[in-house]
Amino acid sequence: MLVVMEQDATQEQIDAVVARIEENGYGARPMPGGQRVAIGIVNNEGPVEPALFTGLAGVKDVVPVTRPYKQVSREFKPEDTLIEVGGTVIGNGHFTVIAGPCAVESEEQAMAIAEKVRAAGAQVFRGGAFKPRTSPYSFQGLGLEGLRILARVREAFGLPVVTEVMDEASFDAVEAYADIIQIGTRNMQNFSLLKRAGRSSRPILLKRGMAATVDEWLMAAEYILAGGNPRVILCERGVRTFVHHSRNTLDLSAVAVVRKESHLPVIIDPSHAAGRRDQVLPLSRAAVAVEAHGIMVEVHHQPEKALSDGAQSLYPHQFAQLCREVNDIFRIVKPGGAGAAQADPREKSA
Ligand code: PEP
Ligand code: MN
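In this text the structure is predicted, and so the values were computed from the model without any measurement.

**Digging into the site of ligand 1**
The environment of ligand 1 is made up of Arg126, Lys131, Pro132, Glu164, Gln182, Gly184, Thr185, Arg186, Lys207, Arg237, His272 and Glu298. Arg126 is positioned such that a nitrogen or oxygen atom in its side chain is 2.8 Å from an oxygen atom of ligand 1. If ligand 1 stood free it would expose 290 Å²; the protein chains cover 97% of that surface. The cavity that encloses ligand 1 is the second largest pocket. Each residue belonging to the shell around ligand 1 can be placed in one class, and the counts come to 1 nonpolar, 4 polar and 7 charged.

**Observations concerning the packing of aromatic side chains**
Scanning all chains against the criterion turns up 2 aromatic pairs. A ring pair is formed by Phe95 and Phe330, whose centres lie 5.8 Å apart and whose planes are at 40°; its orientation type is tilted. On the criterion of sequence distance, the pair formed by Phe95 in the loop between β6 (88-90) and β7 (96-100) and Phe330 in helix α11 (residues 316-333) is long-range, its members being 235 residues apart. Comparing Phe95 with Phe330 shows no difference in burial state: the two are buried.

**Some words on the packing of helix α10 (residues 280-289) against α11**
For the pair α10 and α11, the least separation of the axes is 9 Å and the interaxial angle reads 20°. Relative to α11, α10 is oriented roughly parallel. Once α10 is placed against α11, the crossing between them reads as right-handed. For the pair α10 and α11, the contacting residues are Val280, Leu281, Ser284, Arg285, Val288 and Ala289 in the first and Gln321, Leu322, Glu325, Val326, Ile329, Phe330 and Val333 in the second. When the residues that make up the contact of α10 with α11 are grouped by side-chain class, the tally is 9 nonpolar, 2 polar and 2 charged.

**Things to note about the packing of helix α3 (residues 107-120) against helix α4 (residues 144-157)**
Packed helix pairs are characterised by how far apart their axes lie and by the angle those axes make with each other. Direction vectors running N to C along α3 and α4 enclose 35°, while the axes themselves pass 10 Å from each other. The crossing of α3 and α4 is right-handed. Where α3 approaches α4, its residues Glu107, Ala110, Met111, Ala114, Glu115 and Arg118 are matched on the opposing element by Ile149, Arg152, Val153, Ala156 and Phe157. Here the contact of α3 with α4 is built from residues that sort into 7 nonpolar, no polar and 4 charged.

**Some thoughts on the layout of surface pockets**
Size it by volume and the largest pocket reaches roughly 270 Å³. Forming the walls of the largest pocket are 15 residues, and the residues nearest its centre are Met31, Gln71, Lys77, Leu225 and Pro230. Take the lining of the largest pocket: its biggest share by element is 4 residues, from strand β2 (residues 27-32). Each residue belonging to the lining of the largest pocket can be placed in one class, and the counts come to 7 nonpolar, 5 polar and 3 charged. When its volume is computed, the second largest pocket comes out at roughly 230 Å³. In terms of lining residues, the second largest pocket is bounded by 17 residues, among which Lys131, Pro132, Arg186, Arg247 and His272 are the most central.

**Points about empty space enclosed by the protein**
Throughout the structure, instances matching the rule amount to 2 cavities of 30 Å³ or more. Space inside the largest cavity adds up to approximately 50 Å³. Forming the boundary of the largest cavity are Asn92, Gly93, His94, Arg259, Val288, Glu291, Ala292, His293, Phe330, Val333 and Lys334. A breakdown of the residues in the lining of the largest cavity according to their chemical character gives 4 nonpolar, 4 polar and 3 charged.

**Looking at the coordination of the manganese ion (ligand 2)**
Looking at the manganese ion (ligand 2), the protein donor atoms are Cys102 (SG), His272 (NE2), Glu298 (OE) and Asp309 (OD), and they sit 2.0 to 2.4 Å from it. Along the chain, the residues donating to the manganese ion (ligand 2) are arranged with the sequence spacing C-x169-H-x25-E-x10-D. Placement of His272 in helix α9 (residues 270-274) and of Glu298 in strand β14 (residues 294-298) is noted, with a sequence separation of 26 residues between them. In this pair, the class of His272 matches that of Glu298, namely buried.

**Focus: α4**
For α4, built from 14 residues, the straight-helix expectation of 20 Å at 1.5 Å per residue is met to within 8% by its first-to-last C-alpha distance of 20 Å. When α4 is considered as a whole, its buried residues turn out to be Gly146, Leu147, Ile149, Leu150, Ala151, Val153 and Phe157. Looking at the buried residues of α4, the elements they touch are α3, β8 (124-126), β9 (161-164) and α5 (171-177). Looking at the residues trailing α4, positive phi occurs at Gly158, about 65°.

**Remarks on the side chain of Asp309**
Within the secondary structure layout, Asp309 lies in the loop between β14 and α11. Among the polar contacts listed, one links the side chain of Asp309 to the side chain of Arg247, at a separation of 3.1 Å. Polar side-chain contacts of Asp309 include one of 3.1 Å to the side chain of Gln312. Once residues within four sequence positions are removed from consideration, Asp309 is found in contact with Cys102, Arg247, His272 and Glu298.

About the criteria used
- Residues numbered from 1 in each chain as written.
- Chains lettered and ligands numbered in written order.
- Predicted model: local features only at pLDDT ≥ 70, side-chain atom pairs only at ≥ 80, totals over all residues.
- Heavy atoms only, no water.
- Near = heavy atom within 4 Å.
- Polar contact = N/O pair within 3.5 Å; in protein donor to acceptor, adjacent residues only side chain to side chain.
- Areas by Shrake-Rupley, 256 points an atom, 1.4 Å probe, with all protein chains shown as cover.
- 1 Å grid on protein atoms, 1.4 Å probe; cavity = no way out; pocket = protein on both sides within 12 Å on 5 of 7 lines; lining within 4 Å.
- Sits in = over half its atoms within 2 Å of the grid points.
- Nonpolar A, V, L, I, M, F, W, Y, C, P; charged D, E, K, R; others polar.
- Phe/Tyr/Trp six-rings, centres within 6.5 Å; stacked < 30°, edge-to-face > 60°.
- Helix = DSSP H or I, 4+ residues; strand = E, 2+ residues; numbered from the N terminus.
- Buried < 20%, exposed > 50% of the residue type's maximum accessible area, 1.4 Å probe, protein only.
- Axes fitted to C-alpha atoms, helices over the stretch in contact; angles between N-to-C directions.
- Parallel < 35°, antiparallel > 145°, perpendicular 65-115°, else oblique.
- Left-handed = near helix turned anticlockwise from the far one by under 90°.
- Contact = heavy atoms within 4.5 Å.
- Points joined across faces, edges and corners; volume = space filled by probe spheres on them.
- Donors = N, O, S within 2.8 Å, 3.2 Å for Na, K, Ca; no water.
- Expected span 1.5 Å × (residues − 1).

Given below as structure tokens:
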């Protein structure tokens, strides 16, 4: 349920509504909007009686929230959520390009790739330190040392960094180093991890489970918002289907649905959707056209030597081409938009 205040409602009137909500044992989430304040009611198990609020001064309307995910829904918060990290804004009107290797393998590797992706226009650097690998015998990531390398990349190139957290045990460490914390497809419904993410001060990049419905994905995001962290970026990374021509199937329609149902930013990871580099550019073009708020792309300076996901990692020159193309498409899709990756003019002549 949402209590919508009159445009000229006073702070006292807002406080009185909050008090009435709390007196009844519920939680109140006031949300200042462009025009007026709306106050969301949370922690109610059953339906809430609208008459509790309709008579209060300054109340315009009491609106039921029909979706199971409340705080994540547009019914609850009609305005798009914008998330600012290290000077970069992620959300409506912006197209954010996140790029870097699948895994941080060494300082030299991370620095070499960061230099290339920044020059091409990436605004955020990615790199896994704790890697969720299908086989226990595969490279598991550098762990803490990987986090320290990411911090040095941030310092050297001024790029915010995103990295995955795999469990609660390593959450504090990841939180201390990362600008954005990634929860991967395999952990989308790890509810204790989601609750810990809800107590974090960092934005959370929540990937869609490889077999999750959009409703399940949004409910997973709801755990994080319900825990007190409103800064969630959703990431569609492909779902498991019967096809063999790609690693997963990129579900572009999920982006259109999420944009309608939720105010949270939603980006696309074409690399894990494709599993092979020749599909990454076409899927990235589609990501802009479907109005995703950005992409996260795997790039490696020597993909043939990569310790994970080399086959889907772009060569730096391919990534530079990708940035140019997504910029061009973004300008058509959102003529007034801002924040598209700004390709370095030096890359253009390369
Ligand atoms: C990743 O981004 O490195 C990753 C492991 O992705 P996903 O969880 O989508 O497989
Ligand atoms: Mn990967």
